[in-house]
Amino acid sequence: MNKKTFRGKLLSLVLPITFQQLMVTVVSASDALMVGVIGQDLLSAVSLASQITFVYNLFIAALTIGTSMFAAQYWGKGDKDAVERILGIALRTSVMVSAVFFVVTTFLPEALMRIFTSDPALVGYGSDYLRIVGVTYLLCGVSQIYLCIMKNSDLAEKSMIIGSAAALLNIVLNAVLIYGLLGAPRMEASGAAAATAVSRAVELLWVLAEMRKKGRIRIRMKHLLHPDTALRKDFWHYTLPVLGNELVWGGGFTMYSVIMGHLGTDAVAANSIANIVKNIIASLSMGIGNGGAIIVGNELGAGRLETARVYGGRLCRISILSGVCSGVLLLLLSPLVLAVTDLSPASSGYLKWMLVMCTYYMVGKYVNGTTIAGIFCAGGDSRFGFLCDTVTLWCFTVPAGFLAAFVFHLPVLAVYFIINLDEIVKLPAVYRRYRKYIWLKDLTVDTEQAAEG
């Protein structure tokens, strides 16, 4: 595949995946921003409550990355049955995890909110949100895994259409249910949760209808009830480190919210807006990482290791350029963000400099997202991310953030600067790991050998 063909293939994956990720991020932003119009406390409460969904998404992200590792390689090899067996293995776990989150958020929302804040008002608003949003976990447990399979079986555009349509419906319902438009009851924070639940239900029904079409990968009961033992062993061998990585990274990121959540409502509100803007701009990094993983995985599964190595190099160069451009874009958009957000003077002052600090974060986010979550995982090198984030977050940024906030009582912006260093600190180690080419591995060969044994 020459450079022109490679870019065309990459764009055909990156654009729909990026757009879908962007829509998911915009939905999260709309939840916070629309209730934020009513009051800053509501904005802060929904942002903190959304951390539970963030933690849930870590489990789903690990399962989708593990699914992509094998689905991309087996699809590149032309083994449709193996892809369906992988789907069954991933779904068994996603449904169980979703059930746990549903129970906890539905019956223990106050206890969850008190992890992030001691403010009674924020606990109350956030608990109302969590009681309703819990049902969405049961729906996502199926739909997100199947949408991942679609991306890896030449249906990335269709996956984008389904996910994006559900996101648009969510945004419209947000306005209707939060503010009580068109005769609907005014539900405020609970309305944001209800809108999410309805849109996720529509997404799941659409996914199930799509699955029934001729030639599609199917959810088969035999693979759910009686998973392939050898394939399940290999799946978890490579997926468990990814899950560890997601939990270590996500746990650290959640600790950042805990730190900021105890620095006052002004800090929470500013941090919420900064994270929304940061996540929107970083949507392209998810597209490059996921799209690149599919392309590299296809080549590895087909046995074309040298081609995969060349593609990995191209993806790294693209990620560096994209990270720099995204940082510049964020800096240019900062005045607009400050103009359209209705925050207190203290929050606006925090937000101004938080956005400036987010610009350097972008370069690290793009490079690490493309290599660790994309290229490395495409070839089964999933342990590195786990070890890298464990050291970076839990031996450096999280302890440093706690010390800065609660021992040395540094200013809010100094604390924010420290907790945004993680993506930059890990760059030298990521580069050295990439150059070892441990990720150049055909996982399907190992699976076949395990089955024969």
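Predicted model, so just to flag it, every value in this text is computed and none were measured.

S.K.: Could you clarify how one ought to interpret the overall build of the chain in this entry?
M.R.: Looking only at helices and strands, the chain features 19 helices and zero strands. Taking 453 residues into account, the globule formula puts the C-alpha radius of gyration at 22 Å, and the chain, at 21 Å, falls close to it. Projecting the C-alpha coordinates of the chain onto the three principal axes gives extents of approximately 65 × 50 × 40 Å. Within the chain, the fraction of its 453 residues that count as buried is 56%. Taking as baseline every contact in the chain between residues at least 6 positions apart, the subset at least 24 positions apart corresponds to 84%. Summed over its atoms, the accessible surface of the chain is roughly 18,200 Å², and 67% of this surface lies on carbon and sulfur atoms. The distance from the centre of the 37 positive side-chain charges to the centre of the 28 negative ones in the chain is 7 Å.

S.K.: Sorry if this is basic, but what is going on with empty space enclosed by the protein here?
M.R.: Taken as a whole and assessed by the stated rule, the structure comprises three cavities of 30 Å³ or more. Of the volumes computed, that of the second largest cavity is approximately 90 Å³. Lining the second largest cavity are Phe-253, Tyr-256, Ser-257, Met-260, Asn-271, Asn-275, Lys-278, Tyr-361, Tyr-416, Ile-419, Asn-420 and Asp-422. Among the elements of the structure, α10 (229-261), α11 (265-281) and α16 (412-419) are those that each provide at least two residues to the lining of the second largest cavity. The dominant element in the lining of the second largest cavity, judged by the number of residues it contributes, is α10, at four residues. Of the residues belonging to the lining of the second largest cavity, the class tally is six nonpolar, four polar and two charged.

S.K.: Looking at this structure, I do not really get unusual backbone geometry. What am I missing?
M.R.: Among all residues except glycine, the phi angle is most often negative; among peptide bonds, the trans geometry is most common. At Leu-182, a residue that is not glycine, the phi angle is positive and equals roughly 55 degrees. Relative to the assigned elements, Leu-182 resides in the loop between α7 (156-179) and α8 (189-211). Assessed through its relative accessible area of 83%, Leu-182 is described here as exposed. Phi at Tyr-437 takes a positive value of approximately 55 degrees, unusual for a residue other than glycine. Topologically, Tyr-437 is positioned in the loop between α18 (427-436) and α19 (443-452).

S.K.: Help me understand the layout of surface pockets in this model?
M.R.: Empty space among the atoms becomes visible once a probe the size of a water molecule is rolled across them. If you add up the space inside the second largest pocket, you get close to 250 Å³. In this structure, the second largest pocket is lined by 16 residues; those nearest its centre are Cys-316, Arg-317, Ile-320, Tyr-431 and Tyr-434. Where the lining of the second largest pocket is concerned, the elements lending two or more residues are α13 (305-340), α14 (345-378) and α18. A per-element tally of the lining of the second largest pocket places α13 first, with eight residues. Of the residues in the lining of the second largest pocket, the class split is nine nonpolar, three polar and four charged.

S.K.: Any chance you could explain the packing of α14 against α18 here in plain terms?
M.R.: Each pair of packed helices can be described by the angle between their axes along with the distance between the axes. It is the contact of α14 with α18, at a shortest axis distance of 11 Å, that shows an interaxial angle of 35 degrees. Seen from above, α14 lies across α18 with left-handed handedness. Across from Gly-364, Val-367, Asn-368, Thr-371, Ile-372, Ile-375 and Phe-376 in α14, the residues of α18 making contact are Leu-427, Val-430, Arg-433 and Tyr-434. By residue class, the composition of the contact of α14 with α18 is seven nonpolar, three polar and one charged.

Analysis parameters
- Residues numbered from 1 in each chain as written.
- Predicted model: local features only at pLDDT ≥ 70, side-chain atom pairs only at ≥ 80, totals over all residues.
- Heavy atoms only, no water.
- Helix = DSSP H or I, 4+ residues; strand = E, 2+ residues; numbered from the N terminus.
- Rg over C-alpha atoms; globule rule 2.2 N^0.38 Å.
- Buried < 20%, exposed > 50% of the residue type's maximum accessible area, 1.4 Å probe, protein only.
- Contact = heavy atoms within 4.5 Å.
- Areas by Shrake-Rupley, 256 points an atom, 1.4 Å probe, with all protein chains shown as cover.
- Lys, Arg positive; Asp, Glu negative; His and termini not counted.
- Charge placed at Lys NZ, Arg CZ, Asp CG, Glu CD.
- 1 Å grid on protein atoms, 1.4 Å probe; cavity = no way out; pocket = protein on both sides within 12 Å on 5 of 7 lines; lining within 4 Å.
- Points joined across faces, edges and corners; volume = space filled by probe spheres on them.
- Nonpolar A, V, L, I, M, F, W, Y, C, P; charged D, E, K, R; others polar.
- Axes fitted to C-alpha atoms, helices over the stretch in contact; angles between N-to-C directions.
- Left-handed = near helix turned anticlockwise from the far one by under 90°.

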